[in-house]
Amino acid sequence: MNVKIEESWQTVLQDEFEKPYFKNLVSFVKDEYNSEKVYPPGNQIFNAFWMCPFDEVKVVILGQDPYHGPKQANGLAFSVSDDVRIPPSLVNIFKEIKSDLGKDLPPTGNLERWAQQGVLLLNATLTVRAGNAGSHQKKGWEEFTDAVVKKVNELKEHVVFMLWGAYAQKKGAFIDRNKHLVLEAAHPSPFAADRGFFGSRHFSKANEYLIAHGKEPIDW
């Protein structure tokens, strides 16, 4: 099956695209885009992969569902487009970066700058119906994104995985801690950030690990 995805990911994931579940998923997603308002825009579904080729992955941040409000989702977990108000979870991420690294809060919630440095901003589910959180869960996306994480785990070394909240931690439970750095904390949402996300210092820890293994740190 010919899926419009970045070339290095096309190679790594080609077997996945031939599986029955993925073909069913493609059919479901096409029907949804034809009949409903769905986010992100169709040409941004695989944005995380286009902006962060497989060969360049240094950090993986796992999200759950795309934002389901107008103009929010842009195919990168936790990210929003330049002209959109920064969502509460992302505000808390920026607050932790300021506390950890002393960097001022940026004017925009667009995380393309992270993706272009090797941060794979991967949601478990890559599409959602407008105003209906979780509406595209259990349609096949989770199986696909599990395969993505497994490929990074198996084929790369010294990647930092940031697993925030129980959902992400369960999804990444199989990651080989002997060859990767796995950082776990509470989710940055306003309901949970005080329970261990604030003060986790994941961003400086990630950079220290990357530097120790001969990689360029991320400019968070």
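What you see as residue numbers is a count from 1 along each chain, following the sequence as written. Where totals are concerned, whole chains, interfaces and linings use all residues; where local detail is concerned, this predicted model gives features only for residues with pLDDT of at least 70, and gives and counts side-chain atom pairs only at 80 or more. In computing side-chain properties, one takes all heavy atoms of the structure into account and sets aside hydrogens as well as water.

The protein chain has the name Uracil-DNA glycosylase in an unreviewed UniProt entry, where Pontibacter ruber is given as its organism. Under the heading Function (unreviewed entry), UniProt records this for the protein chain: "Excises uracil residues from the DNA which can arise as a result of misincorporation of dUMP residues by DNA polymerase or due to deamination of cytosine." UniProt positions are given in the numbering used here, feature names are shortened, and annotations may be inferred rather than shown by experiment. We quote the UniProt Sequence similarities (unreviewed entry) comment for the protein chain here in full: "Belongs to the uracil-DNA glycosylase (UDG) superfamily. UNG family."

Chemist: Talk me through unusual backbone geometry; I want residue IDs and the actual numbers.
Modeler: The omega torsion across Tyr-39 and Pro-40 is -10°, close enough to zero to call that bond cis. Note on conventions: DSSP H or I runs of at least 4 residues are helices, E runs of at least 2 residues are strands, and numbering of each starts at the N terminus. Turning to its location among the elements, Pro-40 is positioned in the loop between strand 1 (38-39) and helix 3 (47-51). Phi is positive for Lys-138, which is not a glycine, with a value near 60°. The residue Lys-138 is located in the loop between strand 4 (128-129) and helix 6 (141-155) in this model. Using a 1.4 Å probe on the protein chains alone, a residue whose accessible area is under 20% of its type maximum counts as buried, one over 50% counts as exposed, and one in between counts as partly exposed. Residue classification places Lys-138 among the exposed positions, given a relative accessible area of 77%. Located in the positive-phi region is Arg-201, a residue other than glycine, with phi close to 55°.

Chemist: Break down the sheet that holds strand 6 (residues 181-185) for me, with residues and values.
Modeler: Paired strands are those between which DSSP finds at least two bridges. If you walk across this open sheet you meet the 4 strands as 3-2-5-6, and the pairing is parallel. Looking at which strands have only one partner, the edges of the open sheet turn out to be strand 3 (119-123) and strand 6. Strand-to-strand twist in this sheet, taken as the mean axis angle between neighbours without regard to direction, amounts to 20°. Pairing of strand 2 (residues 59-63) with strand 3 involves 5 bridges; the strand directions are parallel. Across the sheet, the residue bridging to Val-60 is Leu-120, located in strand 3. Each axis is a line fitted through C-alpha atoms, and for a helix only the stretch in contact is used; angles between axes span 0 to 180 degrees, taken between their N-to-C directions.

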